[in-house]
Amino acid sequence: MLNRTDLIIKSQDRTDGQSISEYIAAGGYGAAEKAFSMPREAVVNEVKAAHIRGRGGAGFDCGIKWGFMPQPGARPHYLVVNADEGEPGTFKDRKIMEQNPHLLIEGCIIGCYAIGAHACYIYVRHELHLAKERLWTAIEQAKDKGYLGKHPFGKSYPVDIWVHTGAGAYICGEETALLNSLEGKRGEPRLKPPFPAQAGAFDCPTSVNNVETVAAVTLALRSGGDAFSRMSLLHEFNDGGVRLFGVSGHVKRPGIYEAAVGLTLRELIYDLGGGILDDRPMIGVIPGGSSCPILLPSEIVDVPGDRRFEPFNGKSVLDLPMGVDTFRSIGTMLGTCCAIVLSDAADPVLACRNLMQFYKHESCGQCTPCREGCGWLDRLLEKIVAGTATMNELNLASEVASNIAGNTICAFGDGAAGPMLAFVQKFRASFEDYIQSGGSKQTRRLAL
Amino acid sequence: MAFSLTSEQSAELEQIVARYPVKQAACIPLLHLCQRANGNWISDEVILFVAEQLNLSPSHVTGVVSFYSLLNEKPPGKHQVWVCRTLSCALRGSEAILKHCEKRLGIKSGETTSDGNVTLRTAECLASCGSAPMLQIDEKYHENLTVERLDTLLESLRSEPKGTP
Ligand SMILES: Cc1cc2nc3c(=O)[nH]c(=O)nc-3n(C[C@H](O)[C@H](O)[C@H](O)COP(=O)(O)O)c2cc1C
Ligand code: FES
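Rules and cut-offs
Residues numbered from 1 in each chain as written. Chains lettered and ligands numbered in written order. Predicted model: local features only at pLDDT ≥ 70, side-chain atom pairs only at ≥ 80, totals over all residues. Heavy atoms only, no water. Helix = DSSP H or I, 4+ residues; strand = E, 2+ residues; numbered from the N terminus. Rg over C-alpha atoms; globule rule 2.2 N^0.38 Å. Contact = heavy atoms within 4.5 Å. Areas by Shrake-Rupley, 256 points an atom, 1.4 Å probe, with all protein chains shown as cover. Lys, Arg positive; Asp, Glu negative; His and termini not counted. Charge placed at Lys NZ, Arg CZ, Asp CG, Glu CD. Pairing = 2+ DSSP bridges. Axes fitted to C-alpha atoms, helices over the stretch in contact; angles between N-to-C directions. Near = heavy atom within 4 Å. Polar contact = N/O pair within 3.5 Å; in protein donor to acceptor, adjacent residues only side chain to side chain. Domains from an automatic or database assignment. Salt bridge = Lys/Arg side-chain N within 4 Å of Asp/Glu carboxyl O.

Chemist: Looking at this model, I keep getting lost on the overall build of chain A. Mind explaining?
Modeler: Counting its regular elements, chain A contains 17 helices and eight strands. Radius of gyration (C-alpha) of chain A: 22 Å, near the 22 Å computed for a compact globule of 448 residues. Counting only C-alpha atoms and orienting by the principal axes, one finds that chain A spans roughly 75 × 45 × 45 Å. Long-range contacts, defined as pairs at least 24 residues apart, comprise 71% of the intrachain contacts of chain A with a sequence gap of at least 6. Accessible surface computed for chain A: about 15,500 Å², of which carbon and sulfur atoms make up 51%. Averaging the locations of the 45 positively and 50 negatively charged side chains of chain A gives two centres separated by 1 Å.

Chemist: Could you clarify how one ought to interpret the sheet that holds strand β8 (residues 338-343) of chain A in this entry?
Modeler: Pairing between sheet strands relies on hydrogen bonds along the backbone, with the strands arranged either parallel or antiparallel. Residues and elements named next belong to chain A. Overall, mixed pairing links the four strands, which are arranged β6-β5-β8-β7 in an open sheet. Each of the sheet's edge strands pairs with one partner strand only, and the pair in question is β6 (255-260) and β7 (282-286). Geometrically, the sheet is characterised by an average inter-axis angle of 25 degrees between neighbouring strands, direction not taken into account. Relative to β8, β7 runs antiparallel, the two being bridged by four bridges. Across the sheet, the residue bridging to Val-285 is Val-341, located in β8.

Chemist: Would you mind going over the site of ligand 1 with me for this structure?
Modeler: All names here are of chain A. Taken together, the neighbourhood of ligand 1 is formed by 19 residues, with Gly-56, Asn-82, Glu-175, Asn-210 and Thr-213 sitting nearest. Contacts to ligand 1 include Glu-85, whose backbone N or O atom sits 3.4 Å from an oxygen atom. In isolation ligand 1 has 610 Å² of accessible area, and contact with the protein removes 90% of it. Element by element, the count of residues in the shell around ligand 1 is highest for strand β4 (residues 206-210), at three residues.

Chemist: Explain the domain arrangement of chain B to me, please; I cannot follow it from the model alone.
Modeler: By a widespread convention, an interface's size corresponds to the accessible area lost as its parts come together. What the domain assignment lists for chain B is domain 1 (7-67) and domain 2 (79-156). One C-alpha centre belongs to domain 1 of chain B, the other to domain 2 of chain B, and the line joining them spans 29 Å.

Chemist: I would appreciate a short explanation of the pattern of salt bridges in the present structure.
Modeler: In a structure, side chains of opposite charge can pair up when their charged atoms sit close to one another. Residues and elements named next belong to chain A. This model, assessed by the stated rule, comprises 34 salt bridges over all chains. Across the salt bridge formed by Lys-65 and Glu-175, the nearest N and O atoms sit 4.0 Å from each other. With Lys-65 in helix α4 (residues 62-67) and Glu-175 in helix α8 (residues 175-182), the pair connects residues that are 110 residues apart, well separated along the chain. A salt bridge links Glu-175 to Lys-192; the shortest N-O distance between them is 3.1 Å.

Chemist: Explain the sheet that holds strand β3 (residues 160-165) of chain A here, please?
Modeler: Residues and elements named next belong to chain A. The strand order across the open sheet built from four strands is β3-β2-β1-β4, with neighbouring strands paired in parallel fashion. Edge strands, defined here as strands with exactly one partner in the open sheet, are β3 and β4. When strand polarity is set aside, the average angle formed by the axes of neighbouring strands in this sheet is 20 degrees. Taken together, the seven bridges between strand β1 (residues 77-83) and strand β2 (residues 117-124) define a ladder with parallel strand orientation. From the neighbouring strand, Tyr-78 faces β2, where its bridge partner is Ala-119. Helix-sheet contacts for helix α6 (residues 101-115) involve β1, β2, β3 and β4, and the interaxial angle to β2 is about 140 degrees. Contacts between helix α9 (residues 211-223) and the sheet are confined to β1 and β4, with β4 contributing the most and set at about 95 degrees to the helix.

Chemist: Quick question: what am I supposed to make of the environment of A:Thr332 here?
Modeler: All names here are of chain A. Locating Thr-332 in the fold gives a position in the loop between α12 (324-328) and β8. C-alpha of Thr-332 to C-alpha of Lys-155: the two residues are 177 residues apart in sequence and 46 Å apart in space. Beyond its immediate stretch of four places on either side in the chain, Thr-332 contacts Pro-287, Cys-292, Pro-293, Leu-295 and Phe-327. There is a polar contact of 2.7 Å between the side chain of Thr-332 and the backbone oxygen of Pro-293.

Chemist: Can you help me understand the environment of A:Thr137 in this one?
Modeler: Relative to the helices and strands, A:Thr137 resides in helix α7 (residues 129-144). Note: C-alpha distance between A:Thr137 and A:Ser19 (118 residues apart in sequence) is 9.7 Å.

Here it is, written out as C-alpha cells:
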C-alpha cells in the first residue's frame with residue numbers, strides 16, 4: 001500500500017536545507033530534550049520498540065545494536081555515523097544531510113546519550129561538499145541553542161559532534177574499514193571479532209550507524225517507539241517505521257521518495273517513479289544498491305511455511321512489500337532500498353560488466369579471493385563482451401564468483417559475487433549469445 | 001623546498017587535531033588541508049610535513065596517501081573533472097557524456113590538457129544516481145546533464161584563467 005510521508009525529508013524539490021528555526025517550530029529537538037529527561041536504558045528501549053532496521057544495507061536492528069554496548073565505564077564510548085554513501089545506485093543519505101541536517105544532528109545527540117558516548121563523528125564521503133557544509137552549519141546552530149556542548153538541555157552530559165571526511169574509497173563504507181580510516185589509517189576492514197561494540201573507534205566501545213538510521217531514531221523518540229514501528233506495513237516482521245526509497249535508471253521520475261516501510265517495487269517503479277521510460281518493458285530491477293542480486297519481473301514469491309508470506313505467495317516479486325526479511329526470503333536483499341531499473345533497452349551483460357568494473361576498482365586488495373577474483377571476473381567479462389570467451393569461461397565466471405563469496409574478511413566479497421551469480425543465472429541466454437555470436441543479437445548498449 | 005602552512009591554515013590544523021583523542025586521526029583531514037594549500041596534490045614535502053606534525057612515520061603517511069583515490073600523488077590540472085561511469089549513470093548516457101568531454105578537451109580519461117588546465121577522470125557512483133548523468137567539477141556537482149549544458153560547463157572552464165571581469 002502506497003503510504004507516502006514527509007517526516008524525513010520535507011519535500012523532494014526542496015534544496016535549500018531547513019533552517020534551525022523552521023526545524024524547531026515543527027517540534028525539532030523536542031525528541032532529544034525528551035530523551036535527556038529519560039534514563040539511558042529507557043531511550044534504548046524506545047529505539048528497540050521502533051524496530052529500526054539498519055538503513056546502511058545490512059538491516060541489523062538499531063535498538064539491539066545499541067543494547068550490545070557495554071555499560072559506560074572507564075573507556076570512552078563513541079557514536080560514529082556512516083555517511084560514506086557509495087553503494088552504486090544509492091543517493092538517500094545525501095538528501096537527508098543536504099535537506100534536513102538537523103534531523104540527523106538531533107539523532108546524534110539522542111544516540112550519544114543512549115549509548116553512553118560524549119563524542120560523535122559523522123564520517124562523510126569527501127565528495128559531498130554541500131552535505132558537509134550543511135552539517136557543520138547545523139552543528140554550530142545547535143551549539144548556539146544549547147543543544148550541544150557541555151550542558152545539552154541544561155543537563156551535565158556533554159555531547160560533541162564533528163564532521164570527519166574520507167578521501168575516496170568505497171570500502172570505507174564498511175564499518176570497520178571506516179573506523180580504520182577515521183583513525184588515520186588505510187581503510188582496510190578489520191577482522192571481527194572484536195566487534196565495534198567491544199573495540200571500535202580508538203579501541204573503545206563504538207556504535208556505527210547509517211545516517212538514515214540515526215535520523216529515524218529522532219522520529220522514533222518524537223512519536224514513541226511503538227507508534228513509529230506501527231507506521232510500517234511490516235510491523236509484524238519487526239521492520240518498523242518510514243524510510244527513504246530511491247529509484248534510478250530507466251524510469252520516468254527517478255528520485256528519492258519517502259514512505260512507510262513495506263512499499264512494493266511496483267509502487268516504487270510505476271507509481272512514484274512514473275513507470276519505465278518510453279513505456280518499455282522492464283527486464284530487471286536491482287532492489288537496493290548494486291550488491292543486491294537482481295530480480296526479474298517474472299519471478300514469483302514462494303516462501304512456504306511462514307504464515308506472514310501467505311498473502312504474497314504466488315504473486316510477482318514486484319508486489320512483495322520491501323522489507324529486510326521479506327527480500328532476504330526471495331534470494332536477494334533490501335540493501336539500501338534504492339532500486340536500479342533496467343528496461344529492455346539495456347543489455348544485461350553490459351550492466352553486469354559495468355558493476356564488475358566497479359568491484360574490481362574498489363576491492364581494497366587485502367583478501368586474495370576478493371582481489372584476484374574481482375580482477376578475474378572483470379577480465380572474463382571483457383572477453384565475453386568482446387565475443388572471444390568460451391562456454392567454459394562463462395561457467396568459470398560463476399565458479400570464481402562462488403569462490404569469493406564467504407571467503408573474505410568483510411561483506412564486500414559477497415557484494416560482488418551475489419550480483420555476478422544472479423546476472424549469469426537469470427540472463428544466461430544473453431551471456432551465451434555473446435559467446436556464440438559475439439553479441440550480434442544484443443542491443444549492446446545501456447542507455448536508451 | 002620545505003612545505004609549510006600559513007598562520008590561518010596552522011590554526012585550522014590545531015582545530016582539526018583537537019577533535020580527536022589521538023593525533024593520528026587528524027591524518028586524512030590534514031592531508032586534505034595540505035593538498036588544498038599545495039595546488040591539489042601531495043608532494044614528498046607534504047608527506048614529511050604531515051608526518052612531523054602528527055608524530056607519524058613518513059611511510060605510514062605514504063601508505064595512507066596511496067590508498068585513497070582523492071589524494072593526488074601527482075599534480076592534477078587546475079580544474080578536475082570527474083564523470084560518473086557507474087550503472088545508474090551509464091543507463092542514462094554517461095558514456096556519451098565522457099566521450100563528449102574527451103572530444104571537447106582533446107584528451108582521454110585520466111589525462112590532463114596540455115595547458116595544464118583540466119584533468120579528466122571517471123568516478124564511481126557519486127551518490128547522485130537519481131539525477132544522472134552527472135559529473136563533478138572541482139567541488140561542485142552538475143546533474144541531469146545534457147550535451148548542450150556540458151558544452152557550456154566545459155567552455156566556462158576554458159575561459160576562466162584569462163580572468164573574468
Ligand atoms: C563494502 C561495504 C560498503 C558499505 N558501505 C556503506 C555505506 O556507504 N554507508 C553505510 O551506512 N553502510 C555501509 N555499509 C554497511 C556498514 O558496514 C554497516 O553495516 C552500517 O554502517 C551499519 O549501520 P546501520 O546498522 O545503521 O545500517 C557497507 C558495507 C560493506 C560491506
Ligand atoms: S551511478 Fe552515477 S551517481 Fe550513482
